Every structure is written in C-alpha cells, then in structure tokens.
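Next come the chains, spelled out residue by residue.
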Amino acid sequence: MKISLDWLAEYVSWDDTPGELAAKLTSVGLNVEGLEEYRQTFPEVVIAHVVEREQHPDADRLSLCSVDDGTGEPVQVVCGAPNVREGLTVLFARVGAVLPGNFKIKKSKIRGVESFGMICSANELGLSSEAAGIMELATELAPGTPADELYGFSDTVLDIEVTPNRPDWLSHIGVAREVAAIYGTMVSMPPVWSFQPSSENLGFQIKIEDPDDCHRYGAFGASGVQIGPSPDWMQNRLRAIGSRPINNLVDITNYVMFELGQPMHAFDRAKLTGDTITIRAAEPGTLVTTLDEQERKLGKGTLLVCDGDGPIALAGVMGLANTEVTDSTTELILESAFFNPKLVRTASRGLGLVSESSYRFERGSDWDMVEKAALRALQLYHDLAGANILPAWADRQDPDRKAVQSIPLRLWQVNRVLGTSLTTDQVAQHLQSLGLKVQPMGNSGKGSRNAVDMMVRIPSFRRDLFQEIDLIEEIARSYGLDNLSGGSGFCGAGGGVRDQDDLMQRRMRHWFSDCGYHEMVTSSFLGSGDNERLGMSEEDPRSQTLAVINPHHGGDTQLRTTLLPSLMDVVRRNLNAGASTPVRLFQINRTFWPAGAKRTDYLQKDDLLLPEEPVFLQFAVAGWRRSGLDGIPSDLLEIKGSLESLGTHLRLSLELEAADSEIWLQAGSQWLIKDRNGKVVGSAGRVDPGVLDRFDIELPVAVAEINLSAADLTPEPMKFQPFTRFPAVRRDLSLLVPAETNWSSIRETVINSAGPLLEQVELFDIYRGKGVSEGKGAFGIRLKFRSQKGNLKGKTVDKAIVKILEGLSGRLNIEPRSQD
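Residues numbered from 1 in each chain as written. Predicted model: local features only at pLDDT ≥ 70, side-chain atom pairs only at ≥ 80, totals over all residues. Heavy atoms only, no water.

Here we look at the state of the cysteines
Working step 1: Applying the stated criterion across every chain yields a total of 0 disulfides.
Working step 2: Here cysteine 79 is not disulfide-linked; the sulfur of cysteine 65 is the nearest cysteine sulfur, at 5.3 Å.
Working step 3: Exposure remark for cysteine 79: the relative accessible area of 5% places this residue in the buried category.
Working step 4: Residue cysteine 120 stays outside any disulfide, its sulfur separated by 9.5 Å from that of cysteine 79, the closest cysteine.
Working step 5: For cysteine 120, a relative accessible area of 0% gives the class buried. (Disulfide = S-S within 2.5 Å. Buried < 20%, exposed > 50% of the residue type's maximum accessible area, 1.4 Å probe, protein only.)

A closer look at the packing of aromatic side chains
Working step 1: Per the counting criterion, the structure on display carries 14 aromatic pairs.
Working step 2: With 4.9 Å between their ring centres and 45° between their planes, phenylalanine 512 and phenylalanine 619 make a pair best called tilted. Separated by 107 residues along the polypeptide, phenylalanine 512 in helix H13 (residues 500-514) and phenylalanine 619 in strand E29 (residues 615-622) bring together distant segments of the chain.
Working step 3: The class for phenylalanine 619 is buried, based on a relative accessible area of 0%.
Working step 4: Both rings, one in tryptophan 593 and one in phenylalanine 616, keep their centres 5.9 Å apart while their planes meet at 55°; by these two values the pair is tilted. Of this pair, tryptophan 593 sits in the loop between strand E28 (583-590) and E29 while phenylalanine 616 sits in strand E29, and the two are 23 residues apart along the sequence. (Phe/Tyr/Trp six-rings, centres within 6.5 Å; stacked < 30°, edge-to-face > 60°. Helix = DSSP H or I, 4+ residues; strand = E, 2+ residues; numbered from the N terminus.)

Some remarks on the domain arrangement of the protein
Working step 1: Per the domain assignment, the segments making up the protein are domain 1 (2-40 + 154-183), domain 2 (45-151), domain 3 (205-402), domain 4 (406-481), domain 5 (501-547 + 557-707) and domain 6 (729-816).
Working step 2: Computed over C-alpha atoms, the centres of domain 3 and domain 6 are 91 Å apart. (Domains from an automatic or database assignment.)

Side note on the environment of phenylalanine 267
Working step 1: Here phenylalanine 267 is to be found in strand E15 (residues 264-268).
Working step 2: Ignoring anything within four residues of it in the chain, the contact list for phenylalanine 267 reads Tyr217, Leu272, Val305, Ile312, Ala313, Thr323, Val325, Glu331, Leu332, Ile333 and Glu335. (Contact = heavy atoms within 4.5 Å.)

Looking at the pattern of salt bridges
Working step 1: If you walk through the whole model with that rule in mind, you get 41 salt bridges.
Working step 2: One salt bridge connects arginine 166 with aspartate 168, and the closest N-O pair in it is separated by 2.7 Å.
Working step 3: With a closest N to O distance of 2.6 Å, aspartate 292 and arginine 296 form a salt bridge.
Working step 4: Taken together, the salt bridges that share partners define one network made up of Arg166, Asp168, Glu178, Arg462, Asp464, Glu474 and Arg477. (Salt bridge = Lys/Arg side-chain N within 4 Å of Asp/Glu carboxyl O.)

Re helix H5 (residues 232-240)
Working step 1: Within H5, 7 of the 9 residues are buried, leaving the element largely enclosed by the surrounding structure.
Working step 2: Within H5 the residues assigned to the buried category are Met234, Gln235, Asn236, Arg237, Leu238, Arg239 and Ala240.
Working step 3: Check the buried side of H5 and you find it contacts helix H1 (5-8), strand E2 (31-40), strand E12 (153-161), helix H6 (248-260) and helix H9 (369-385).
Working step 4: Just downstream of H5 lies glycine 242, where phi reads positive at about 95°.

Section: the nonpolar core
Working step 1: Core analysis: the biggest nonpolar cluster contains 54 residues, and Leu158, Leu334 and Tyr381 have the highest contact counts within it.
Working step 2: In terms of residues, this core owes the most to one element, H9, which gives 9 residues.
Working step 3: Both of domain 1 (2-40 + 154-183) and domain 3 (205-402) provide at least three residues apiece to this core.
Working step 4: With sequence-adjacent residues up to four places away left out, leucine 158 is seen in contact with Met1, Lys2, Ile3, Leu5, Leu21, Ala22, Leu25, Val32, Gly34 and Leu35.
Working step 5: In terms of nonpolar packing, the next biggest core, distinct from the first, is built from 34 residues, Ile279, Leu304, Val305 and Phe339 among them. (Core = buried A, V, L, I, M, F, W, Y, C linked by side-chain atoms within 4.5 Å.)

Comments concerning unusual backbone geometry
Working step 1: Of note, the amide linkage connecting threonine 581 to proline 582 takes the cis form, showing an omega dihedral of 0°.
Working step 2: Examined against the element boundaries, proline 582 turns out to sit in the loop between helix H15 (564-576) and E28.
Working step 3: Unlike most non-glycine residues, asparagine 102 shows phi in positive territory, near 60°.
Working step 4: Tracing the chain through its elements places asparagine 102 in the loop between strand E7 (98-99) and strand E8 (103-104).
Working step 5: For asparagine 102, a relative accessible area of 57% translates into the label exposed.
Working step 6: For aspartate 696, which is not glycine, the phi dihedral falls at a positive 60°.
Working step 7: Locating aspartate 696 in the fold gives a position in the loop between helix H17 (689-694) and strand E33 (701-707).

A look at the side chain of glutamate 335
Working step 1: Relative to the elements of secondary structure, glutamate 335 occurs in strand E22 (residues 332-339).
Working step 2: Buried and without a salt bridge, glutamate 335 has arginine 216 as its closest oppositely charged side chain, separated by 13 Å.
Working step 3: Here tyrosine 217 takes part through its side chain, which lies 2.7 Å from a polar atom of the side chain of glutamate 335.
Working step 4: The contact partners of glutamate 335, leaving out residues within four places of it in the chain, are Tyr217, Gly218, Met264, His265, Phe267 and Val305. (Lys, Arg positive; Asp, Glu negative; His and termini not counted. Polar contact = N/O pair within 3.5 Å; in protein donor to acceptor, adjacent residues only side chain to side chain.)

Looking at the side chain of threonine 278
Working step 1: One can find threonine 278 in strand E16 (residues 276-281).
Working step 2: Contacts of threonine 278, omitting those with residues within four sequence positions, involve Lys207, Glu209, Leu304, Val305 and Cys306.

What about the environment of glycine 678?
Working step 1: Its location among the elements puts glycine 678 in the loop between strand E31 (665-674) and strand E32 (680-687).
Working step 2: Taking relative accessible area as the criterion, glycine 678 reaches 40% and is therefore assigned partly exposed.
Working step 3: The spacing of glycine 678 and glycine 87 is 591 residues in sequence and 107 Å in space, taken between C-alpha atoms.

Quick notes on helix H19 (residues 794-812)
Working step 1: The terminal C-alpha atoms of H19, which comprises 19 residues, lie 26 Å apart, in line with the 27 Å expected from a rise of 1.5 Å per residue.
Working step 2: All buried positions along H19 are accounted for by Val797, Ala800, Ile801, Ile804, Gly807, Leu808 and Leu812. Down the axis, H19 shows its buried residues gathered within 125° of arc, on one side only. In H19, those exposed residues whose orientation departs by more than 90 degrees from the buried face are Lys795, Lys799, Glu806 and Gly810.
Working step 3: The inward-facing, buried residues of H19 abut strand E34 (729-738), helix H18 (743-754) and strand E36 (776-785).
Working step 4: Residue asparagine 813 follows H19 closely and has a positive phi angle near 60°. (Expected span 1.5 Å × (residues − 1). Arc of directions from axis to C-beta.)

This is the structure we're talking about:
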C-alpha cells in the first residue's frame, strides 16, 4: 500500500521527518519498505499566449501559430490541435523540454515549415487521458511563468507492507489511526453526505440469495451527474500513489477506496433493467464481458451482481461492460457491499483477474465502512460532479449476523506476558489510542490472576482481534516493543516475564532432545483398563479418576492420573513398527488427581471441585537388552546417568535412593528420587515384566518420573572458582566388597574419609569370579587428589589413602584386594 503523506496530513498530524515517521510506523508493525519522493514537474514548459494563428500553407489540419512564451520574441510553432486559436492561454514546451514518456522537444520542420516547440495537451503532459485538443487555461499568470506554478506537485510516499490480517491498513485512514496512536493526536474523518428523512424510494430492492455469500449490500442513487476531469488536488494524490486519473466519477470511487479502504462500484442507472438487484452464484460456463473488454467464462463459485436481465458485475472483482459509466451517463447507482472473502478470492484467482477491489475484499471488509464510504462518495459526487443525491437508499443485511462480542482483559495477564507494571488506566489509554472502546470492571489495582479488569469492545475495522492475547499484542505495540524489559518474556528478549517453572521445562526439553530423546505428544485420557494393567490398588489415590461428560472426540472419557499408560502405548507402537532400539522417549505433561490437594487460592467454592493437576517429567529407554557393570541392565544405568547429568545441567539436586515404591516397577530395580530438601518427588526403575506383558510389550523398559509441581526447581547459584595451577595426582584402588554393599555407600565413605584434597572418585570396574572370594566382588575405583596451594607430595596422598582404607574397613568391612 502506497501512502501519500500530503494526503495523510489531511486526517492526522505528526511532528517528525518522513524518515522518522517511517521508522516509528515500522516499530509498531507497519513495515515501511520504501520511502520515495514524488515530484510532478515540467521543466521548460511555460505559460504562453497564442498571439496569432494562421492556416498552415501546406496542410489543411495544421495551424501556424505565433506564441509569446515570455522571452520577448514571438516563437513560431506548428500546431495540429483543432481548438487552437488566437488569444488562447496555453502550456508551451520549449525546445529542450522532456515530456512524460521521455519525449524530447526539438526544433523541427513540419510540412516545410519550421516549428520551435509544442503547444501541449493534458494527455501529452500526463495530466489527463483527454487528447482531443490542447489545454485552454484560465489564468492571469504572465507568459513565461513555469507550468509548475499551476501543475507542479511534490509529495513523499511511503510503501507499506500490509499483512493479510490487517486490511484496515489498506487505506489512508487506517494508517492515520496508527500515526495518531504513536503521536497522541486525533484522527479527523472526512466529511460525508447526510441524508434527510424522506418517503421516496430508490426504485430498486436488494435480493441476496445466500447471506453467507454477501453479508451486506447497499445501493445509493445520484442524478444530474456532470462527467468531467477531477480537480487537480485529487488527481495529484492519485498519481502519487500510482493510480491513473480518468474522470471525476471513476476517480471518486478510487479515491474513497484508497482513503477509507472500502471498494465500491458505480452503475449507469439508465442501463439497469427491472427493479431488483440480485446477488447470486453464477451458473458454471456463464459468459460475461468485463470493463477491460475481455470476454470471460465463469466457473463454479463466482458471485454475481445481477439486474432483471442478468449479470452486471463480478461481485468484489470488476464491473461488466453492459452497465459501464460513460461520458453520457447522468444517473448512477452506487454499490457498496460486504462480500464473502473466500468467494471473491476464488473468482479472482480463477479468472486471473486481481484488482484493487478484489485485493481488499479478499482480506475482509469493514461492516460499518460499507455505509460510511458510500456517504463519503456521495458527498464528493455532490461537490465535484454536481450530482443530486437521491434521499432514499437500499441496504440489505444478513439477518443472522452476530454482533462482535467484547473481549475480557485481565491486568494481571497483561503484565505477566509483557513483563510490565502497567495500571488499568494506562492499559485503557493504550487500547483507546488504537480506536478500541474500554469498559472498566471496577477491579482496578487488585491484579488478581482471574479478575477481569475491563471489557474491550472491538471496532468493525479490527477483524483480527478475537481473544485476550490479541489485545495484549496491541498493548505491546502501543507501549513500544523497545520499552519492554530485556531478557524476559515467553520467547526471547523483550517479551513478557516467563515463569521459572516454564523456563526449567524449556531447558529440560532442549537437554533431552540434545541427548537423543524424542518428545512424545500423548492424550490426556486413560484407556479402558489402563489402571488395572498397571496393577494399581483401589487404596492408591491415583485410582480415583475424573470423567469428562462431553469429550467431543467420542473416545475415552477418564482423565489420566499417571503418564505410564501413554508411555506404554507409544513404546508398543514404535517397537511393533520396527523402530531401532533402544528407543529413547520423554514427555512433560499434566496428570489429573481428583483425590489430590485442593487449591487454597480459590475464587469460588466450585473451584474446590477441580482436581490437582501436577506436571510430570517422564523419560524412558525401551528395548535395550544389554548389561553393564556387574551385570546391571544398561537401560537402568542410562536412566540413572541421565538423572544425574540432568541435575548437573540444570544445577538441581536430584538424589537417588534405592527403595521399592511403585507397584508397576520391578522390585529391587527401582529408586526414589529426592530433591535438595529430601522430599520424594519421583521414582525410577525397570517396568515390571507382568505390566509389560499386559501392555503387549516383549522388550524391557526403564523409566523415570519426576513430579515437577512438587519438586524444588530453583537452580543452585553459580559460584566462581579459579582454575588451579597445580596438577592432580591419581591413584587406583582395587577393593574386595561384600555382595550386599552398594556403590553409593562406598562413595560416601570414601568422600568422608579422604579429607579436603580429594577432588573426584569414580567406579571404573566390577569383577566377580575366579580369584575373588565367593560373596564378594572386586571394585576398581579411581581417586583424583589436588591441592590449591602447591604440588602434592606422595606422602600426603599416601596418608589420605590410608584414611580411606581405614574408613572402608571399619564401616563397610571392605579390604584392599591383594596384588598377588
């Protein structure tokens, strides 16, 4: 959309340069792709008087003229215009002038007579399509005065990229609203025709066969129309934005379309038949001739405007030649309508006929502008074409049209999403500056999560606003995206404040994806008998489920209380489909516990009936039969390692404690998961073979679940520790460990016994068999010592080793293995 700043200034004021205005418009969403200076100038074209006119000696249709161009000496010119005569004031192009189309004026000889310039018509200067004769000026300006004094025009034009959801920006008024919001000024609407009460009839009634095809159709009448050129100011504005002036009637409808955004079409009333204008679908194969004199065959879905004899316009696309306005037209019927965007798009694309009209109708019309734009055009018909406006008009509307509903807006949500501390009055001011109407609800200052602070009424020109988040986006545009707090928000810097739990979940998703896990998207419903397959007892609170009365999908109705059945379903499907093993999966989803904790921040007593909705992280390794150290299944080792690595990555304390807690996990192969406060927040282990069998899964599955809603997800603060300049000392120990002793107790004893110089301890081998006493195992551990003060001596490390061995022997009955 090209926007003339000269034109725009009629409706709104601003106090910046064009470049600064363009930058501010871009910052609020109107992407200004270009800024061009438009100049209509005529170098070496001047006002002149025809001093003398004679017949050309060798041509009947040419005149030999003597022209006073202000240089002091008459100039001889050969002219072919039929209306040239002595005494006329004209526009004269001197030798050297360059006219539109790069037409250079040179000294020439025409039928044997020299000519030193050219007397110009409006068409030759690009001022009109009229080429019947030269321009006859009514001015007292002296000969030699540059033509720019009369017809020169300069403007700055913005080239704006308009997104499909903002058809209101396809008009100068639409852009003026945005300018007014930016600069805190007001929009001045142009004058429109005011109807006086009358009992007269337009002479036509409107019939719409299907209101879904045409939601509104208005017809307005004018008589006594005088067709002629548009005034210079209108022509200049149309040229500046790339529209060619034709005559006052055509220019007015185009002008109002670019001004208000509503396409309209004028019919020659004398060419209409019958007393009914009908809007209906075309019969496939119908032949029509459009205004561009092209015969077109219509396909299915084309919408027509018809009179008593048949089609008179392709609705929303182009008029037909059989009702075209011509120079002899004196009576008009003006159409202003709200056509179905889909049908206009279908017809336009099907016929390969894209017009300024179809471009706007495809994006949706403004219901209120149907009438306002017509009244604006009628005012211009009256002022610029001498028309008598008929006091009656016809307006047919969809009887089932629903009024636009107001949208509730919560101040709490506005500030949460944008990361701001706006008050109710400030939010209302931002919305009102954009033309939205606000009704406060009396909750100012409370900032409650669920309290509606205002109802916002959406104007007809904003067809893109449907829900609360749309309003928040508008507030962000008005407030200024650059003013939003950096480093916050739902998506990147400059947005709203993201909840800490949301940030942690996002980091979890990224980490699991980077580690080769695939995220699952699963249903919130339990399948029939899922809890029974898990072996869940009736005493387990999770056995109580909540049923959805009307689930819409026609399937399961019980909301899930655990994520495991959905995991089992995904594992079974992937293994049956031949997925390569191991299959690594994760999900972060809600469960629903009717028997869970009740809300304490409820607003209504009915809120106490709602279930607790904890969010769980679940990840699993399926189909891995291999074993690791000491015969421990590799999938269990990976689950354990992933939990430890995840805790390190997120700076969370996730401790594992060997204990049986879940009936569906294999006894002796599961852990409790505790957070930094020692609170049990989850479990991990291998799924019991009986459960796998009931879910028709033949391969092993290891799984971990963490209740994110219960866990302390506050990251440990990061601490700076300088790099040491001194090398580490490593020692390996081989220990004879009783079978009932686990690695965690060994590790804890080593750390407590070694002293401050121990930096790391790790298990690298377990051996049971020949050379090792029955009931014991040989554990290989690696110790790393380091001092921040200097190089460690062997004696110092030996003393630490002695303390470690003493601790292991005294507490766990572990002895060093003989090296024999």
